[in-house]
Amino acid sequence: MLKKLNQITNITIGSFVGVFIGCGIYVFWDYKKHPDLYAMQSAPWYTSIFVYGIVMLIFVTVAVIAKLIIRKKMKEGINSTDAYSQ
């Protein structure tokens, strides 16, 4: 069960990083395609990339903390079964 949860956490982390990279590439492409639209904005064109990056870092941090908790539980499970086998 914990191994499956660990795999789901890995997939979640990879998904968030992939979405961030995809959004960053799209914003850069859109900026190169329509620079005049971004010139009208008061914020720089890469502001949305920073916002996506901050949100992604928050989610990945939570996922990494969950992954560390899962890893600790898995090690405790292994150690408790070793104690019973002796």
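Keep in mind the model is a prediction, meaning the values are calculated, not measured.

Engineer: Summarise the overall build of the protein chain; cite the residues concerned and give the values.
Structural biologist: A tally of regular secondary structure across the protein chain gives 3 helices and 0 strands. Helices (α) and strands (β) of the protein chain occur, in sequence order from the N terminus, as α-α-α. On C-alpha atoms alone, the protein chain measures out to a radius of gyration of 20 Å, which is more than a quarter above the 12 Å that the 2.2 N^0.38 rule sets for 86 residues. Expressed as lengths along the three principal axes of its C-alpha atoms, the size of the protein chain is roughly 75 × 20 × 10 Å. Put simply, the protein chain has 86 residues, and 16% of those count as buried. Counted over contacts in the protein chain with a minimum sequence separation of 6, partners at least 24 positions apart contribute 75%. For the protein chain, the accessible area works out to roughly 6,900 Å², and carbon and sulfur atoms hold 70% of it. One finds the centroid of the 9 positive side-chain charges in the protein chain at a distance of 8 Å from the centroid of its 4 negative side-chain charges.

Engineer: Pulling in residues and values, what's your account of the side chain of T9?
Structural biologist: Locating T9 in the fold gives a position in helix α1 (residues 2-33). You can call T9 buried: its relative accessible area is 9%. Excluding anything up to four places from it in sequence, T9 contacts A63, K67 and I70.

Engineer: A description of a nonpolar patch on the surface should follow, citing residues and the corresponding values.
Structural biologist: A contiguous nonpolar surface patch, about 230 Å² in accessible area, is contributed by L2, L5 and I8. The residue I8 is located in helix α1 in this model.

Criteria and thresholds
Residues numbered from 1 in each chain as written. Predicted model: local features only at pLDDT ≥ 70, side-chain atom pairs only at ≥ 80, totals over all residues. Heavy atoms only, no water. Helix = DSSP H or I, 4+ residues; strand = E, 2+ residues; numbered from the N terminus. Rg over C-alpha atoms; globule rule 2.2 N^0.38 Å. Buried < 20%, exposed > 50% of the residue type's maximum accessible area, 1.4 Å probe, protein only. Contact = heavy atoms within 4.5 Å. Areas by Shrake-Rupley, 256 points an atom, 1.4 Å probe, with all protein chains shown as cover. Lys, Arg positive; Asp, Glu negative; His and termini not counted. Charge placed at Lys NZ, Arg CZ, Asp CG, Glu CD. Patch = residues over 30% accessible without salt bridge, like charges linked within 9 Å, V, L, I, M, F, W, Y side chains within 5 Å. Salt bridge = Lys/Arg side-chain N within 4 Å of Asp/Glu carboxyl O.

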